[in-house]
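Here's the letter readout for the chains.
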Number of protein chains: 2
Amino acid sequence: MNQSDQKSEAILDAALPVFVRHGFRKTSMTDIARAAGMSRAALYLSFSSKEELFRAGSARAHARAMRKVEAALAGDGDVFSRIEMAIAAFQRELIAPFAGSGDAAELFETNMALSRDVTLAARAELVALLAQALTNALATGAITLDALHATPVDVAAIIIAAMEGIKDAQVAGHDLLEDTRLFLRLLRKALSR
Amino acid sequence: MNQSDQKSEAILDAALPVFVRHGFRKTSMTDIARAAGMSRAALYLSFSSKEELFRAGSARAHARAMRKVEAALAGDGDVFSRIEMAIAAFQRELIAPFAGSGDAAELFETNMALSRDVTLAARAELVALLAQALTNALATGAITLDALHATPVDVAAIIIAAMEGIKDAQVAGHDLLEDTRLFLRLLRKALSR
DNA sequence: AGACGGTTAGACATTGATTGTCCATCTGTC
DNA sequence: GACAGATGGACAATCAATGTCTAACCGTCT
């Protein structure tokens, strides 16, 4: 990692809590520069706009999240617990940091407006990874999809769709972890032979 | 309390957490109107400016605080515990609500800029009330000021000054309650015969 | 029904803040 | 001394917020 990347990382580290505190719109480049301990001019040396800075932060968070997800799926335990770990990792990296923010909804919205590509790509990769794990489990007979008339990809897509719905409900006051665990119990039951 | 006052009260109740969350500058009348569940136009029917709204909130908080302070000083216990209760009440009403805000310093600053009169009047009244309590305690022989060469008013003023300093330190990361209690132990020791 | 007070969304000019750019200047390193 | 990077300040352009106003709306009263 070169010096310029290190600086960018430090800026993103400093910017995250500011965005969490005030949301995207109410966060100014002056705020971020102050939090990063540099001048506004120096900030523009690393990121040419507030939008680009946000996109970089989103991209980094998604990349991190996917690394954690891959590690979780490569871990120990049965399919279900590995999927649970993977989803927990995904949420920990991409949702939990904003859970406490009064502007969580605005931030997710901004993310979809500015980083739609990265976000959708990560979601697609997550589906693919879960589908792969399910396919493996199917091959070893650990699960069955007979009663569901569905492919592993279908099931993986449903899991992610449910996660999205639970995320949105959380913005409206629901408990992310609790709802997630309930859904995974449901999943375990549905896929058991 | 007439209908218009009730509305104003509701607005101030709604506005407080918004100010706490975003500070004075980053809070817009639109934010407050939304929090109060009304249109911006209706908000201006009750308060003719953001500054006036803030002043009204400050005035209400100070009035409330002084009522609690008077009640505390009229309560049971020795002078010290009554003073402790009074100061605790003052802090609970006027400082604690902002303790969690990242913009606490800006809010206190804004308060001094917009509501200096009310703030100083409340502080002066607090000094007078404490001085009165000390004078009574002096008359009953519960405390002595001989070694201090000071009047009750002097001592009351020092107490308030210390409270102010402790408040500012709290903004810088200190613990308000802990520091306050330490100071009051110190006071008890210094005034005992 | 009509008059009424209170509310609303929206438009509006004005002011103020933010953005992104630029430059002269400074600082530490080679 | 040359160099790269950082700084504060200035800048025009854009955007947001303030405070004001109006036409329309709604429930209440008569």
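Since this is a predicted model, take the numbers as computed values, not measurements.

## Focus: the overall build of chain A
Next, step 1: In terms of helices and strands, chain A carries 10 helices and 0 strands.
Next, step 2: Overall, chain A shows an N-to-C arrangement of helices and strands of α-α-α-α-α-α-α-α-α-α.
Next, step 3: Seen through its principal axes, chain A has C-alpha atoms that stretch 60 × 40 × 25 Å.
Next, step 4: Across chain A, contacts joining residues at least 24 apart in sequence account for 66% of those joining residues at least 6 apart.
Next, step 5: When the accessible surface of chain A is split by element, carbon and sulfur atoms take 56% of a total near 10,200 Å².
Next, step 6: Side-chain charges of chain A comprise 22 positive and 23 negative groups, with the mean position of each set lying 4 Å from the other.

## Notes on the UniProt feature "DNA-binding region" (unreviewed entry) in chain A
Next, step 1: Sequence positions flagged by UniProt for "DNA-binding region" (unreviewed entry) are, in local numbering, residues 28-47 of chain A.
Next, step 2: Annotated as 75% helix and 0% strand, the span residues 28-47 of chain A places its first and last C-alpha atoms 13 Å apart.

## What about empty space enclosed by the protein?
All names here are of chain A.
Next, step 1: As enumerated under the stated definition, the model contains 1 cavity of 30 Å³ or more in all.
Next, step 2: Roughly 70 Å³ of internal volume is contained in the largest cavity.
Next, step 3: Around the largest cavity sit Ile87, Phe90, Gln91, Ile95, Leu126, Ile160, Met163 and Glu164, which together line it.
Next, step 4: Taken together, the elements giving at least two residues each to the lining of the largest cavity come down to helix 5 (79-94) and helix 9 (152-171).
Next, step 5: Counted by class, the lining of the largest cavity contains 6 nonpolar, 1 polar and 1 charged residues.

## As for the pattern of salt bridges
Next, step 1: The tally for this structure, following the rule as stated, stands at 18 salt bridges over all chains.
Next, step 2: Linking Arg55(A) and Glu51(A) is a salt bridge whose minimum nitrogen-to-oxygen distance equals 4.0 Å. Pair noted here: Arg55(A) and Glu51(A) are both in helix 4 (residues 50-73), with a separation of 4 residues, about one helical turn.
Next, step 3: By relative accessible area, which is 34% here, Arg55(A) ends up partly exposed.
Next, step 4: Look at Glu51(A) and you get partly exposed, because its relative accessible area is 39%.
Next, step 5: A salt bridge links Lys167(B) to Glu164(B); the nearest nitrogen and oxygen atoms lie 3.3 Å apart. Of the two residues, Lys167(B) and Glu164(B) are both situated in helix 9 (residues 152-171); the distance of 3 residues between them amounts to about one turn of the helix.

## Some points on unusual backbone geometry
Next, step 1: Located in the positive-phi region is His149(A), a residue other than glycine, with phi close to 50°.
Next, step 2: Tracing the backbone through its elements, the reader meets His149(A) in the loop between helix 8 (116-139) and helix 9.

## Description of the relation of the copies chain B and chain A
Next, step 1: Between chain B and chain A, which share one sequence, the superposing operator has a rotation angle of 180° and an axial displacement of 0.1 Å; the RMSD is 0.0 Å. Viewed as a symmetry operation, the transformation between the two copies matches a two-fold axis.
Next, step 2: The residues that chain B uses at the interface reappear at the interface of chain A in 100% of cases, marking a shared surface.

## Brief notes about helix 10 (residues 176-191) of chain B
Residues and elements named next belong to chain B.
Next, step 1: Compared with an ideal rise of 1.5 Å per residue, which puts 16 residues at 22 Å, helix 10 spans 23 Å between its outermost C-alpha atoms and is within 8% of the ideal.
Next, step 2: Taken together, the buried positions of helix 10 are occupied by Leu176, Thr180, Phe183, Leu184, Leu187 and Leu191. Across the axial projection of helix 10, the buried residues extend over an arc of 100°, all falling on one side. The exposed set on the far side of helix 10, more than 90 degrees from its buried face, consists of Glu178, Arg185, Leu186 and Lys189.
Next, step 3: Residues of helix 10 that are buried in the fold lie against helix 5 (79-94), helix 8 (116-139) and helix 9.

## Overview of the protein's contact with DNA strand C
Next, step 1: The local shell around DNA strand C holds 16 residues, among which Arg40(A), Tyr44(A), Lys7(B), Ser39(B) and Ala42(B) are the closest.
Next, step 2: The sugar and phosphate moieties of DNA strand C supply 67% of its atoms located within 4 Å of the protein.
Next, step 3: Met29(A) has a polar backbone atom sitting 3.0 Å from a phosphate oxygen of DNA strand C.
Next, step 4: Within the residue set of the surface near DNA strand C, elements represented by two or more residues are helix 3 (40-46) of chain A together with helix 3 (40-46) of chain B.
Next, step 5: When residues in the surface near DNA strand C are grouped by element, the largest group, 4 residues, is from helix 3 of chain B.
Next, step 6: Among the residues making up the surface near DNA strand C, the classes are represented as 6 nonpolar, 5 polar and 5 charged.

## Details of the interface of chain B and chain A
Next, step 1: Chain B puts 10 residues into the contact, and the matching count from chain A is 10 residues.
Next, step 2: For the pair chain B and chain A, the summed buried area comes to about 670 Å², and 29% of that belongs to carbon and sulfur atoms.
Next, step 3: It is Arg21(B), His22(B) and Lys26(B) that lose the most area in chain B upon contact with chain A, and together they represent 75% of the buried surface on that side.
Next, step 4: Remark: the boundary between chain B and chain A carries 2 salt bridges.
Next, step 5: Of the charged contacts, one joins Asp31(B) and Lys26(A) as a salt bridge, the two residues approaching to 2.2 Å between their closest N and O atoms.

## Concerning the protein's contact with DNA strand D
Next, step 1: Of all residues adjacent to DNA strand D, which total 15 residues, the nearest are Lys7(A), Ser39(A), Ala42(A), Met29(B) and Arg40(B).
Next, step 2: The separation between a phosphate oxygen of DNA strand D and a polar side-chain atom of Arg25(A) is 3.2 Å.
Next, step 3: Take Arg40(B): an N or O atom from its side chain is 2.8 Å from a base oxygen of DNA strand D.
Next, step 4: Of all the secondary-structure elements, those providing two or more residues to the surface near DNA strand D are helix 3 of chain A together with helix 3 of chain B.

The rules we used
- Residues numbered from 1 in each chain as written.
- Chains lettered and ligands numbered in written order.
- Predicted model: local features only at pLDDT ≥ 70, side-chain atom pairs only at ≥ 80, totals over all residues.
- Heavy atoms only, no water.
- Helix = DSSP H or I, 4+ residues; strand = E, 2+ residues; numbered from the N terminus.
- Contact = heavy atoms within 4.5 Å.
- Areas by Shrake-Rupley, 256 points an atom, 1.4 Å probe, with all protein chains shown as cover.
- Lys, Arg positive; Asp, Glu negative; His and termini not counted.
- Charge placed at Lys NZ, Arg CZ, Asp CG, Glu CD.
- UniProt positions renumbered as here; feature names shortened; annotations may be inferred.
- 1 Å grid on protein atoms, 1.4 Å probe; cavity = no way out; pocket = protein on both sides within 12 Å on 5 of 7 lines; lining within 4 Å.
- Points joined across faces, edges and corners; volume = space filled by probe spheres on them.
- Nonpolar A, V, L, I, M, F, W, Y, C, P; charged D, E, K, R; others polar.
- Salt bridge = Lys/Arg side-chain N within 4 Å of Asp/Glu carboxyl O.
- Buried < 20%, exposed > 50% of the residue type's maximum accessible area, 1.4 Å probe, protein only.
- Least-squares fit on C-alpha atoms with pLDDT ≥ 70 in both.
- Expected span 1.5 Å × (residues − 1).
- Arc of directions from axis to C-beta.
- Near = heavy atom within 4 Å.
- Polar contact = N/O pair within 3.5 Å; in protein donor to acceptor, adjacent residues only side chain to side chain.
- Buried area = accessible area lost by both parts, 1.4 Å probe.

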